[in-house]
Amino acid sequence: MSRRICWVSKMCRDASKRPPSKLTLEEVLQWAQSFEQLMATKHGPVVYAAYLKLEHSDENIKFWKACETYKKIASRWSRISRAKKLYKIYIQPQSPREINIDSSTRDTIIRNIQEPTRTCFEEAQRIVYMHMERDSYPRFLKSEMYQKLVKTMQSGDST
């Protein structure tokens, strides 16, 4: 488990553990406004990823983040290599972290990774984002993890 996610898990197990000092109540409350707000903040994606990991469904956020990194690759050779890796991990049927996308999107990616562009995973990324927004995000807001974080931040905000 990465250090960035570790504090979230520790805090959920032990009430004496505090969130990072740079995390504010304002940011935590912003996450409930919309999924877009959650993903646009500094700590939101980290906390959300920790929640998904606890739910054993973190392949979507990992794929989404990997796509964000992939889009920034300038080198053609690096892009080809990374596209094949993303395919093997997330797209290929029966892959270790297979994401839930339709067969037509999967087929398009298979064709596109022969000469991958920065946008060849865009449709799959959009579908995964929609799944997170509609399915796991509402559960996250109701989760013990998020509720406990809000209460912890509110009790620490009385300074």
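Here's a quick rundown of the structure. (Residues numbered from 1 in each chain as written. Predicted model: local features only at pLDDT ≥ 70, side-chain atom pairs only at ≥ 80, totals over all residues. Heavy atoms only, no water.)

1. With respect to the overall build of the protein chain
The line we're drawing: What counts as a helix is a DSSP run of H or I of at least four residues, what counts as a strand is a run of E of at least two, and both are numbered from the N terminus. Any residue under 20% of the maximum accessible area for its type is buried, any over 50% is exposed, and the rest in between are partly exposed; the area is computed with a 1.4 Å probe on protein chains only. Whether two residues are in contact is decided by their heavy atoms: any pair within 4.5 Å suffices. Computed with a 1.4 Å probe, the accessible areas rest on the Shrake-Rupley method; for each residue, only the protein chains presented here act as cover.
Of the regular secondary structure elements, the protein chain holds 9 helices and 0 strands. Shown N-terminal to C-terminal, the secondary structure of the protein chain runs as helices and strands in the order α-α-α-α-α-α-α-α-α. Counting the 159 residues in the protein chain, one finds 45% classified as buried. Long-range pairs, those at least 24 residues apart, make up 61% of the contacts in the protein chain between residues at least 6 apart in sequence. Working note: accessible area of the protein chain is about 9300 Å², and carbon and sulfur atoms make up 49% of it.

2. Side note on the packing of aromatic side chains
Given two aromatic rings, their pairing is described by the distance between the two centres and the angle made by the two planes. The following threshold applies: When the centres of two rings from Phe, Tyr and Trp lie within 6.5 Å, Trp using its six-membered ring, the rings pair. Their planes under 30 degrees apart give stacked, over 60 give edge-to-face, and anything left gives tilted.
Under the defined criterion, the tally for this structure stands at 11 aromatic pairs. With 6.2 Å between their ring centres and 40° between their planes, W31 and Y146 make a pair best called tilted. Here the residue W31 occupies a position in the loop between α2 (25–30) and α3 (35–40), and Y146 occupies one in helix α9 (residues 144–156), the gap between them amounting to 115 residues. One exposure class covers both W31 and Y146, and it is buried.

3. Observations regarding the state of the cysteines
Convention followed: Cysteine sulfur atoms that come within 2.5 Å of each other are treated as a disulfide pair.
Tallied over the full model, the rule gives 0 disulfides. Of the cysteine sulfurs around C120, a residue in no disulfide, the closest is that of C67, at 8.3 Å.

4. Some points on helix α6 (residues 76–91)
Cut-off, in case you're wondering: By definition, the arc is the one covered by directions from the helix axis to the C-beta atoms. N or O atoms closer than or at 3.5 Å make up a polar contact, with two conditions inside protein: a donor-capable atom paired with an acceptor-capable one, and, for residues adjacent in sequence, both atoms drawn from side chains.
Every buried residue of α6 is accounted for by R79, I80, A83, L86, Y87, Y90 and I91. The arc that holds every buried residue of α6, seen down its axis, measures 130°, which confines them to one face. For α6, the exposed residues set more than 90 degrees away from the buried face come down to W77, K85 and K88. Residues of α6 that are buried make contact with α5 (59–70) and α7 (103–112). By the N-cap criterion, in which a side-chain oxygen at the helix start approaches the backbone nitrogen of a residue two or three places on, α6 is capped by S75, the distance to W77 being 3.4 Å.

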